[in-house]
Amino acid sequence: MSYKLRHIPFRRDMQEGIDARLKTQTRRPVKHPGTRGKRVARFMPSVDPNYWIEQYDNGDPLKWTSNGASIKCPYGCAGDRFVILGRTYEIIAVRINRVQDISENDAAHEGFQWRPSKTGATIASNRAMFKAAWDSIYGKTFSWASNPFCWVLTFRRIDLLP
């Protein structure tokens, strides 16, 4: 199987979480071209699993319209690989969600695993920790409150034979 070696930037603390196998997902904002005044309501997988079709809400909840535009994840496709701290990782799934759709379990896979602390921490859930991190990284352009679409990449560490 052929694959592309991708560069996916991560902050140092996230690299350490990946290396410790605490982080197996990442979310990044979907940056898509202008929609000519229409609001993208959802993305649907196309026939090619590497592309997603934009669909618009035209006021009728039973009918969706599309201008035929599709986008591909700029971070890679299932099967592609990236290297962090000298170790190789394989992307095993790519999907699009709204950022606020993240579950407690997915937030844990993002590396945010809340545990009670003796210091009286005020953030008391994996999801709340993820929300705070999202806003600290993307808040100016893709804030949590605006609930942007995001790429969700799931990956695993692979051991390459010498």
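What counts and what doesn't
Residues numbered from 1 in each chain as written. Predicted model: local features only at pLDDT ≥ 70, side-chain atom pairs only at ≥ 80, totals over all residues. Heavy atoms only, no water. Pairing = 2+ DSSP bridges. Helix = DSSP H or I, 4+ residues; strand = E, 2+ residues; numbered from the N terminus. Expected span 1.5 Å × (residues − 1). Buried < 20%, exposed > 50% of the residue type's maximum accessible area, 1.4 Å probe, protein only. Arc of directions from axis to C-beta. Contact = heavy atoms within 4.5 Å. 1 Å grid on protein atoms, 1.4 Å probe; cavity = no way out; pocket = protein on both sides within 12 Å on 5 of 7 lines; lining within 4 Å. Points joined across faces, edges and corners; volume = space filled by probe spheres on them. Nonpolar A, V, L, I, M, F, W, Y, C, P; charged D, E, K, R; others polar. Core = buried A, V, L, I, M, F, W, Y, C linked by side-chain atoms within 4.5 Å.

A. Quick look at the sheet that holds strand 8 (residues 87-98). Judged by pairing direction, the sheet is mixed, and its 5 strands sit side by side in the order 1-7-8-9-2 without closing on themselves. The open sheet has two free edges, formed respectively by strand 1 (5-6) and strand 2 (25-29), since each of these has just one partner strand. Both strand 1 and strand 7 (residues 81-84) contribute to a ladder of 2 bridges, which runs parallel. In the sheet register, Leu 5 faces strand 7, and the bridge partner there is Arg 81.

B. Highlighting helix 3 (residues 126-138). Taking 1.5 Å per residue as the helical rise, helix 3 with its 13 residues ought to reach 18 Å, and the 18 Å between its terminal C-alpha atoms agrees with that figure. All of the buried residues along helix 3 are Asn 126, Phe 130, Ala 133, Trp 134 and Tyr 138. End-on view of helix 3: buried residues confined to an arc of 105°, all on one side of the axis. Contact partners of the buried residues in helix 3: strand 2, helix 2 (104-109) and strand 9 (149-158).

C. Main features of unusual backbone geometry. With a phi angle near 65°, Arg 21 is a residue other than glycine that sits in the positive phi range. Within the fold, Arg 21 resides in the loop between helix 1 (12-19) and strand 2. Under the relative-accessibility criterion, Arg 21 is labelled partly exposed at 49%. Backbone geometry at Leu 85 places phi at a positive 50°, although glycine is not the residue there. Relative to the helices and strands, Leu 85 resides in the loop between strand 7 and strand 8. Classification of Leu 85 by relative accessible area gives partly exposed; the value is 36%.

D. Inspection of the layout of surface pockets at higher detail. What the largest pocket holds in volume is close to 200 Å³. Every residue lining the largest pocket is counted, 15 residues in all, and those nearest its centre are Met 14, Thr 26, Arg 28, Ile 137 and Tyr 138. Put simply, the parts of the chain that give the lining of the largest pocket at least two residues each are strand 2 and helix 3. In terms of residues, the lining of the largest pocket owes the most to one element, helix 3, which gives 5 residues. Of the residues that constitute the lining of the largest pocket, the class distribution is 9 nonpolar, 1 polar and 5 charged.

E. Helix 1, seen in detail. By the burial criterion, the buried members of helix 1 are Met 14, Gln 15, Gly 17 and Ile 18. Projected down its long axis, helix 1 shows its buried positions confined to an angular sector of 160°, all on one face. Along its buried surface, helix 1 packs onto strand 7, strand 8 and strand 9. In the stretch just after helix 1, Arg 21 is the one whose phi turns positive, near 65°.

F. Region of interest: the nonpolar core. Ranked by internal contacts, the top residues of the largest apolar core, which has 34 residues, are Phe 43, Phe 82, Ile 96, Phe 130, Trp 134, Trp 151 and Leu 153. The set of elements that each furnish at least two residues to this core consists of helix 1, strand 3 (40-45), strand 4 (51-57), strand 7, strand 8, helix 3 and strand 9. When residues of this core are assigned to their parent elements, the largest contribution, 6 residues, is made by strand 9. With residues up to four places along the chain from it excluded, the contact list for Phe 82 reads Leu 5, Arg 6, Ile 8, Phe 10, Arg 87, Thr 88, Tyr 89, Ile 91 and Phe 155.

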